[in-house]
Amino acid sequence: LLLALTTLMSGAFWGLTRGVTDFTLHFQILAILAFTMCGAAVISSILTDLVTKMTGSRFLVASLMPAWLVASVINAILTEMIFRLKVMEVVGAIGFSLLLICILLVDVGKLLVRCRPDDFMSVIVAMNSTLMVVVSIPFFFLTFCFLHSGEAVTERVASEQQPRIADITVPT
């Protein structure tokens with residue numbers, strides 16, 4: 001029930017974000033990660049047919065990193081051609097997606113290398129939690145706004161209580 005509520009809230013927030021602002025970082029991250037996982041599946045099937053076999057960790061990096069690179073290039077080209085976004089937003093999405101993939105590799109890299117059927121659900125949960133970081137961005141933003149909304153009021157009240165230089169009389 002809570003997962004459904006979280007999904008509906010984040011979906012509504014993400015869907016309405018584009019109508020209010022031109023900020024598309026979360027959509028870019030999601031697209032890069034989705035394409036990376038699809039590309040990694042294709043690359044890993046190609047790598048398994050090779051005569052030269054490689055170790056598990058090399059295999060994992062050799063399937064994920066080229067897929068991420070292609071996804072990042074496609075993202076950069078499409079956002080430049082279609083949306084004309086700022087370079088820093090595109091670079092931020094690419095960097096953040098790389099960070100999420102590295103978190104995934106650190107979290108479940110050994111399970112992926114071990115390749116046991118019993119570890120399947122652990123890998124799925126880890127991948128979902130990696131994607132939930134992206135989904136949680138709106139909640140982190142709202143929490144940040146709520147936490148710092150009182151600071152603006154406090155600063156305004158403090159500035160009204162301070163005496164102005166014109167109000168101070170200097171004895172001569």
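Shown above is the structure to which this text applies.
For clarity, every value in this text was computed on a predicted model and none was experimentally measured.

## A short note on the overall build of the protein
A tally of helices and strands in the protein yields six helices and zero strands. Scanning the protein from its N terminus toward the C terminus, one meets helices and strands in the order α-α-α-α-α-α. Across the 172 residues of the protein, 27% fall into the buried class. When contacts within the protein are restricted to residue pairs at least 6 apart in sequence, long-range pairs at least 24 apart make up 69% of them. When the accessible surface of the protein is summed, it comes to about 12200 Å², and 73% of that surface belongs to carbon and sulfur atoms.

## As for the layout of surface pockets
If a probe the size of a water molecule is rolled over the atoms, the empty space left behind becomes visible. A volume near 560 Å³ is recorded for the largest pocket. Lining the largest pocket are 21 residues, and of these L60, L112, V113, C115 and V123 lie nearest its centre. In terms of residue class, the lining of the largest pocket is made up of 16 nonpolar, three polar and two charged. In this structure, the second largest pocket occupies an estimated 220 Å³ of space. Forming the walls of the second largest pocket are 13 residues, and the residues nearest its centre are F27, Q28, A31, N75 and T79. At the level of secondary structure, the elements contributing two or more residues to the lining of the second largest pocket comprise α2 (25-48) and α3 (56-83).

What counts, and at which threshold
- Residue positions are counted from 1 within each chain, in the order its sequence is given.
- pLDDT decides what is reported in this predicted model: residues at 70 or higher carry local features, side-chain atom pairs at 80 or more are listed and counted, and totals for whole chains, interfaces and linings draw on all residues regardless.
- Only hydrogens and water are removed before side-chain values are computed, so all heavy atoms of the structure are retained for them.
- Starting at the N terminus, helices and strands are each numbered in turn, a helix being any DSSP run of H or I of at least four residues and a strand any DSSP run of E of at least two.
- Think of it in three bands: with a 1.4 Å probe and only protein chains considered, a residue is buried below 20% of the maximum accessible area for its type, exposed above 50%, and partly exposed in between.
- Between two residues, a contact is recorded if the distance between any of their heavy atoms is within 4.5 Å.
- Here the open area of atoms and residues is found with the Shrake-Rupley method and a 1.4 Å probe, where only the protein chains shown may cover a residue.
- Using protein atoms alone on a 1 Å grid, points that fit a 1.4 Å probe yet trap it form a cavity, whereas open point sets bounded by protein on both sides within 12 Å along at least five of seven lines form a pocket; residues with an atom within 4 Å of a point count as lining.
- Grid points are joined across faces, edges and corners, and a volume is the space filled by probe spheres set on the points.
- Amino acids are sorted into nonpolar (Ala, Val, Leu, Ile, Met, Phe, Trp, Tyr, Cys and Pro), charged (Asp, Glu, Lys and Arg) and polar (every other residue, Gly among them).

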